[in-house]
Amino acid sequence: MADQQLGVLKALDVAKTQLYHFTAIVIAGMGFFTDAYDLFCVSLVTKLLGRLYYFNPASEKPGSLPPHVAAAVNGVALCGTLAGQLFFGWLGEQLGRKKVYGITLIMMIVAQLLPKTRGAFIAAVFAMQGVGILAGGFVALAVSSIFDKKFPSPTYAQDRILSTPPQADYIWRIIVMFGALPAALTYYWRMKMPETARYTALVAKNIKKATQDMSKVLQVDLEVEERAEDPKLNYGLFSKEFLRRHGLHLLGTTSTWFLLDIAFYSQNLFQKDIFSAIGWIPKAATMNAIHEVFKIAKAQTLIALCSTVPGYWFTVAFIDIIGRFAIQLMGFFFMTVFMFAIAFPYNHWILPDNRIGFVVMYSLTFFFANFGPNATTFIVPAEIFPARLRSTCHGISAATGKAGAIVGAFGFLYAAQPQDKTKTDAGYPPGIGVKNSLIMLGVINFVGMLFTFLVPEPKGKSLEELSGEAEVDK
């Protein structure tokens, strides 16, 4: 039935881009929107929670979350995401992507696009992450600005108690609440969309239903050709045939995603601490709680506008021109270069006159993460595996990435502490310092570049050609 199923899929490959495709991008991308929104906001929330609930009037520094609480706040969502990606990736193969509306369905929603533009559309779905980051920044800026004007308060150095007004408790709640709205609004529209044709045809083996759905969506007449199924293509995930065809591919997608997320999540979750360490953000004691939220949100939003978000859209623009492999290799390479460039001469960059240079170099690591492996590690697993195993393999790859994010979130939290125990945050043991932590991230990026050579180039090929499902009995 392999060729029979390819009839409707070939028609999809030559179909023109329509409004349906852009609707799918927005609906599917909302998962990334909310994920990135939460990722942006968690650093603000942890600062504010520390000042609100762990205030010590005898301390010269504002309150901060104890290590175990900070680790839980930073890492608990990542742990849940890891488990969800494994489970829902598998469940997506059993029930269909429409019924299992999770992160791993996204790779199939836009799989009906041309080989010439498929990468750009999947990258556009992923670029909703950038929109979520900006949304988090603008919401935090707006809320903190309003509260700062309405409830002016002294700095911590001026009055330790009044520097954190009780109204500040509403700020983090409002910021977090806004992150749930897009997902709630999107759920209804996803349920109105049909199941993806490649799942219906290649997994559920209902060619008639796939043809009817896509005829309606694409507004074209599609015919079904009756042909026999090739039994050689029915291998499972744990079979020798899968290992022979895709074993190294799965190792490549999991390892690169794992390594990328160690660096990417470390940089995102703790950029506020890095910027404070070099003096770009004023010391907490010189600000009140609300103004500190505003300052951090302003700094992180600026980084997102100038580097993070442009990186996403550079990928959208160039992925089907220079290919996934080249973008991923280039991204890891420049992430390594710029990370080492700020890490080894770290003592030079923390001088007041050199701080802007540090920020520019640090921003470039974000740019090449997104015009690089942060996008391609998501895209490639959505293309190279057989349709009946694609959701599972993508879920495994994504979950491995979240394992890397957990390593980054927990590891950097402790590793970046000063080596001098008198300078560590309350409750933390001495670490290896920011400089050595950045060097470690540079090494991780370099190893990611090496593992990229295990990943094939999907550019210009149909999904069936990539997975081997275009093969027929001879």
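Here the structure is a predicted model, which means the values were calculated and not measured.

Q: Kindly report on the overall build of the chain, identifying the contributing residues and their values.
A: When helices and strands are tallied, the chain shows 20 helices and 0 strands. Across the 474 residues in the chain, those meeting the buried criterion constitute 58%. Restricting to contacts in the chain with at least 6 residues of sequence separation, those with at least 24 account for 83%. Of the roughly 19,600 Å² of accessible surface on the chain, 67% is carried by carbon and sulfur atoms.

Q: Residue-level account of the packing of aromatic side chains, with values.
A: Given two aromatic rings, their pairing is described by the distance between the two centres and the angle made by the two planes. In total, this model carries 22 aromatic pairs according to the counting rule given. The interplanar angle of 75° and the centroid separation of 6.3 Å between the aromatic rings of Tyr346 and Phe358 together place this pair among those described as edge-to-face. Of this pair, Tyr346 sits in helix α15 (residues 346-349) while Phe358 sits in helix α16 (residues 355-370), placing them 12 residues apart in sequence. Note on accessibility: Tyr346 and Phe358 belong to one class, buried. Three or more aromatic residues joined by ring pairs form one cluster here, namely Phe314, Phe318, Phe333, Phe334, Phe338, Phe367, Phe368 and Phe371.

Q: Any details on the packing of helix α13 (residues 289-322) against α16? Residues and values, ideally.
A: Packing of α13 against α16 leaves a shortest axis separation of 7 Å and a crossing angle of 25°. With respect to α16, the element α13 is oriented roughly parallel. In this structure, the crossing between α13 and α16 has a hand that is right-handed. Taken together, the residues of α16 that come into contact with α13 (itself represented by Ile303, Ser307, Thr308, Pro310, Gly311, Tyr312, Phe314 and Thr315) are Val359, Ser363, Phe366, Phe367 and Asn370. Considering only residue class, the contact of α13 with α16 consists of 7 nonpolar, 6 polar and no charged.

Q: Mind laying out the nonpolar core, listing which residues take part and the relevant values?
A: Formed by 102 residues in total, the largest nonpolar core has its most connected members in Leu48, Ile171, Ile342, Phe358, Leu438 and Leu441. Take this core: its biggest share by element is 15 residues, from helix α2 (residues 19-53). Grouped together as the second largest cluster of nonpolar side chains are 10 residues, Leu250, Ile384, Leu389 and Cys393 included.

Q: Could you give an account of the packing of helix α14 (residues 324-343) against α16, with specific residues and numbers?
A: Between α14 and α16, whose axes approach to 8 Å, the crossing angle comes to 160°. Accordingly, the angle class assigned to the pair α14 and α16 is roughly antiparallel. At the point where α14 passes α16, the crossing takes the left-handed sense. Each of Met330, Gly331, Phe334, Met335, Phe338, Met339, Ala341 and Ile342 in α14 lies in contact with α16, whose residues at this interface are Phe358, Met361, Tyr362, Leu364, Thr365, Phe368 and Ala369. In the contact of α14 with α16, the residues fall into 13 nonpolar, 2 polar and no charged.

Q: Explain the confidence of the model for the chain to me, and be specific about the residues and the numbers.
A: Residue-level pLDDT values for the chain average 80, and 74% of them are 70 or greater. Ranking the elements of the chain by mean pLDDT puts helix α4 (residues 106-109) last, at 41, and α14 first, at 96. Low pLDDT, under 50, characterises residues 101-114; the predicted model gives this stretch 57 contacts beyond four residues in sequence or across chains.

Q: Quick rundown of the environment of Leu237? Include the residues and the values.
A: Examined against the element boundaries, Leu237 turns out to sit in the loop between α10 (207-218) and α11 (240-269). Distance in space between the C-alpha atoms of Leu237 and Arg390 is 10.0 Å, their sequence separation being 153 residues. If near-sequence neighbours (up to four positions away) are discounted, Leu237 is found in contact with Phe242, Leu389, Thr392, Cys393 and Ile396.

Q: How would you explain the environment of Phe314 if you had to name every residue and give the values?
A: You can see Phe314 is positioned in helix α13. For Phe314, a relative accessible area of 35% corresponds to the partly exposed category. Distance from Phe314 to Asn370, taken between C-alpha atoms, is 8.3 Å for residues 56 residues apart in sequence. When sequence neighbours within four positions are dropped, the list of residues in contact with Phe314 reads Phe367 and Phe371.

Q: Outline the pattern of salt bridges, listing residues and values.
A: One pass over the full model with this rule turns up 8 salt bridges. In this structure, Asp169 and Arg173 form a salt bridge, with 3.1 Å as the shortest nitrogen-oxygen distance. Placement of both Asp169 and Arg173 in helix α7 (residues 168-178) is noted, with a separation of 4 residues, approximately one turn of the helix. Glu383 is the partner of Arg324 in a salt bridge, and the nearest nitrogen-oxygen pair spans 2.7 Å. Separated by 59 residues along the polypeptide, Arg324 in helix α14 and Glu383 in the loop between α17 (373-379) and α18 (387-415) bring together distant segments of the chain.

Cut-off values and rules
- Within each chain, residues carry numbers counting from 1 in the order of the written sequence.
- Totals for whole chains, interfaces and linings use every residue, but because this is a predicted model, local features are given only for residues with pLDDT of at least 70 and side-chain atom pairs only at 80 or more, for both listing and counting.
- Only hydrogens and water are set aside; all other atoms, that is, all heavy atoms of the structure, feed into the side-chain values.
- A run of DSSP states H or I qualifies as a helix once it reaches four residues; a run of E qualifies as a strand once it reaches two. Both are numbered from the N-terminal end.
- Buried means the residue's accessible area, taken with a 1.4 Å probe over protein chains only, is under 20% of the maximum for its type, while exposed means over 50%, and partly exposed covers the values in between.
- Only heavy atoms enter the contact rule, under which two residues are in contact if any of them lie within 4.5 Å.
- All accessible areas in this document rest on Shrake-Rupley with a 1.4 Å probe, and a residue is counted as covered only by the protein chains that are shown.
- Stacked, edge-to-face and tilted labels apply to pairs of Phe, Tyr and Trp rings (six-membered ring for Trp) whose centres lie within 6.5 Å, assigned for plane angles under 30 degrees, over 60, and everything in between, in that order.
- To get an axis, a line is fitted to the C-alpha atoms, and for a helix only the part in contact is used. The angle between two axes follows their N-to-C directions and goes from 0 to 180 degrees.
- Small angles under 35 degrees read as roughly parallel and large ones over 145 as roughly antiparallel, with 65 to 115 read as roughly perpendicular and the rest as oblique.
- Crossings are classed by handedness, with left-handed meaning an anticlockwise turn of the near helix from the far one by less than a right angle and right-handed meaning a clockwise turn.
- Throughout, the ten residues Ala, Val, Leu, Ile, Met, Phe, Trp, Tyr, Cys and Pro are labelled nonpolar, Asp, Glu, Lys and Arg are labelled charged, and all others, Gly among them, are labelled polar.
- Working definition of a nonpolar core: buried Ala, Val, Leu, Ile, Met, Phe, Trp, Tyr and Cys residues. They are joined through side-chain atoms within 4.5 Å.
- Every residue gets a pLDDT, meaning the predictor's confidence in that residue, from 0 to 100.
- By salt bridge we mean one thing: a side-chain nitrogen of Lys or Arg within 4 Å of a carboxyl oxygen of Asp or Glu.

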